[in-house]
Amino acid sequence: MRNTGLYIVVVVPLMVVLPLLVAALVQKRIAGVGFFRAVFYSPVVASMVVAGLIWSWLLSSDGLINSMLRGLRVVAEPVPFLTDSTVLLFSAMAMTVWKGLGYYMVVYLAALANVPRSFLEAAEVDGAGAVRRFTSVTMPLLRPTMVLVGTLSAIASAKVFAEVHTLSDGSAGPGGEARTIVYTIREAGLGLSGEAGYASAMSLALFLGTLGLPVFVTRLNSREQQA
């Protein structure tokens with residue numbers, strides 16, 4: 001539960017902010033912008049197994065990233081991206097953000113297309129710069145979309161399994177210390193000697209927890225709209 005909670009706390013803000021910034025950058029219709037949209041979206045269509053193999057190669061002790069860091073003399077010894085439980089968890093978070101960035105970018109692009117141009121033009125006439133227009137006009141209008149993205153990414157983070165499994169080669173780090181809730185459910189119910197009842201109980205608790213989040217957010221938004 002601690003690992004899953006940490007996953008949600010770190011990943012959700014990044015998933016809300018980074019895709020919005022990327023969408024704002026690739027929103028304009030200029031030459032070559034379609035290429036960058038495709039680049040950002042390409043991880044979404046890649047399978048989790050392929051993504052895990054790529055990231056395992058990048059983050060291994062003799063992988064590309066450690067080789068670059070040692071070549072630049074940033075570190076003397078390889079960074080334990082995949083062998084230290086805490087670092088492994090953050091490596092999985094980075095993989096989650098990389099994998100979902102393009103998906104939420106498309107969600108924000110659709111929302112940005114619905115922002116009334118008249119509001120932005122009025123702010124520009126009043127002397128607001130590009131940054132001020134984005135923070136004072138665009139972001140408040142995108143609040144419902146940001147809440148949606150935050151809710152979806154929180155639910156996905158609560159159910160994280162594949163990233164930790166693929167990066168750790170099925171071990172969840174030394175001693176299994178990078179286990180998440182879903183990883184624990186899988187371990188509890190695996191095999192002929194597995195505790196199916198215990199795994200089912202944990203699955204039900206996780207389902208009720210993830211179900212309660214959108215219900216809470218919906219009611220909160222309804223109260224704010226009524227106020």
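Keep in mind it's a predicted model, so treat the numbers as computed, not measured. (Residues numbered from 1 in each chain as written. Predicted model: local features only at pLDDT ≥ 70, side-chain atom pairs only at ≥ 80, totals over all residues. Heavy atoms only, no water.)

To continue, consider the pattern of salt bridges. Where charged atoms from two side chains of opposite charge come close, those side chains can pair. The final tally for this structure, using the stated rule, is one salt bridge. Residues arginine 179 and glutamate 187 are paired through a salt bridge, measuring 3.8 Å at the closest nitrogen-oxygen approach. What makes arginine 179 partly exposed here is its relative accessible area of 33%. What makes glutamate 187 partly exposed here is its relative accessible area of 38%. (Salt bridge = Lys/Arg side-chain N within 4 Å of Asp/Glu carboxyl O. Buried < 20%, exposed > 50% of the residue type's maximum accessible area, 1.4 Å probe, protein only.)

Moving on, we get to helix α3 (residues 48-59). Under the 1.5 Å per step criterion, the end-to-end length of α3 is 16 Å for 12 residues, consistent within 8% with the ideal 16 Å. Within α3 the residues assigned to the buried category are Ala51, Gly52, Trp55, Ser56, Leu58 and Leu59. For α3, the buried positions fall inside an angular range of 160° around the axis, keeping them on one side. Opposite the buried face of α3, by more than 90 degrees, sit the exposed residues Val49, Leu53 and Trp57. Considering only its buried residues, α3 is in contact with α4 (64-71), α5 (85-112) and α9 (162-167). (Helix = DSSP H or I, 4+ residues; strand = E, 2+ residues; numbered from the N terminus. Expected span 1.5 Å × (residues − 1). Arc of directions from axis to C-beta. Contact = heavy atoms within 4.5 Å.)

As a further point, take the packing of helix α1 (residues 2-26) against α5. In helix packing, the relevant descriptors are the interaxial angle and the interaxial distance, both defined with respect to the helix axes. Look at α1 against α5: their axes get within 7 Å of each other, and the N-to-C directions meet at 40°. Put simply, α1 runs oblique to α5. Seen along the crossing, α1 lies across α5 with a hand that is right-handed. Grouping the constituent residues of the contact of α1 with α5 by class yields 25 nonpolar, three polar and no charged. (Axes fitted to C-alpha atoms, helices over the stretch in contact; angles between N-to-C directions. Parallel < 35°, antiparallel > 145°, perpendicular 65-115°, else oblique. Left-handed = near helix turned anticlockwise from the far one by under 90°. Nonpolar A, V, L, I, M, F, W, Y, C, P; charged D, E, K, R; others polar.)

Further remarks concern the packing of aromatic side chains. Here the structure, examined in full by the defined rule, presents four aromatic pairs. Relative to tyrosine 183, the ring of phenylalanine 161 lies with its centre 5.3 Å away and its plane at 45°, an arrangement referred to as tilted. Taken together, the residues span a long stretch of sequence, with phenylalanine 161 in the loop between α8 (143-158) and α9 and tyrosine 183 in helix α10 (residues 181-189) at a distance of 22 residues. (Phe/Tyr/Trp six-rings, centres within 6.5 Å; stacked < 30°, edge-to-face > 60°.)

A grouping of Leu204, Phe207, Leu208, Leu211 and Val215 is seen on the molecular surface, where their side chains present a nonpolar patch of about 470 Å² in accessible area. In this structure, leucine 211 sits in helix α11 (residues 196-226). (Patch = residues over 30% accessible without salt bridge, like charges linked within 9 Å, V, L, I, M, F, W, Y side chains within 5 Å. Areas by Shrake-Rupley, 256 points an atom, 1.4 Å probe, with all protein chains shown as cover.)

As a further point, take the environment of glycine 5. The residue glycine 5 is located in helix α1 in this model. Judged by relative accessible area, which is 28%, glycine 5 ranks as partly exposed. Spatially, the C-alpha atom of glycine 5 lies 14 Å from that of leucine 213, the residues being 208 residues apart in sequence.

This part is about the environment of valine 12. Here valine 12 lies in helix α1. Judged by its relative accessible area of 14%, valine 12 falls in the buried class. Excluding anything up to four places from it in sequence, valine 12 contacts Tyr7, Gly150, Ser153, Ala154 and Ser157.

Time to look at α1. The periodicity of an α-helix, 3.6 residues per turn, causes residues three or four positions apart to be oriented the same way. Taking 1.5 Å as the rise per residue, α1 with 25 residues should run 36 Å; its terminal C-alpha atoms sit 36 Å apart, in good agreement. The sharpest bend along α1 measures roughly 25° and falls at methionine 15, with the proline proline 19 sitting one to four residues further on. All buried positions along α1 are accounted for by Asn3, Thr4, Tyr7, Val11, Val12, Met15, Val16, Pro19, Leu20, Val22, Ala23 and Val26. Looking at the buried residues of α1, the elements they touch are α2 (33-45), α5, α7 (130-141), α8, α9 and α10. (Bend = angle between axes of the 7 residues up to and from the residue.)

So, about the nonpolar core. Counting 44 residues, the largest nonpolar core has Tyr7, Tyr108, Leu142, Val164 and Leu167 as its most contacted members. At the level of elements, α1, α3, α5, α6 (117-125), α7, α8 and α9 are the ones that each hand at least two residues to this core. Counting residues per element, this core draws most heavily on α5, which supplies 13 residues. Discounting chain neighbours no more than four positions away, the residues touching leucine 167 are Gly52, Trp55, Ser56, Leu82, Leu88, Ser91, Ala92 and Met95. (Core = buried A, V, L, I, M, F, W, Y, C linked by side-chain atoms within 4.5 Å.)

Attention now goes to unusual backbone geometry. The phi angle at aspartate 169 is positive, at roughly 60°, despite the residue not being glycine. Checked against the element boundaries, aspartate 169 lands in the loop between α9 and α10. The phi dihedral of alanine 172 falls on the positive side, at around 60°, and the residue is not glycine. Structurally, alanine 172 can be placed in the loop between α9 and α10. Taking relative accessible area as the criterion, alanine 172 reaches 0% and is therefore assigned buried.

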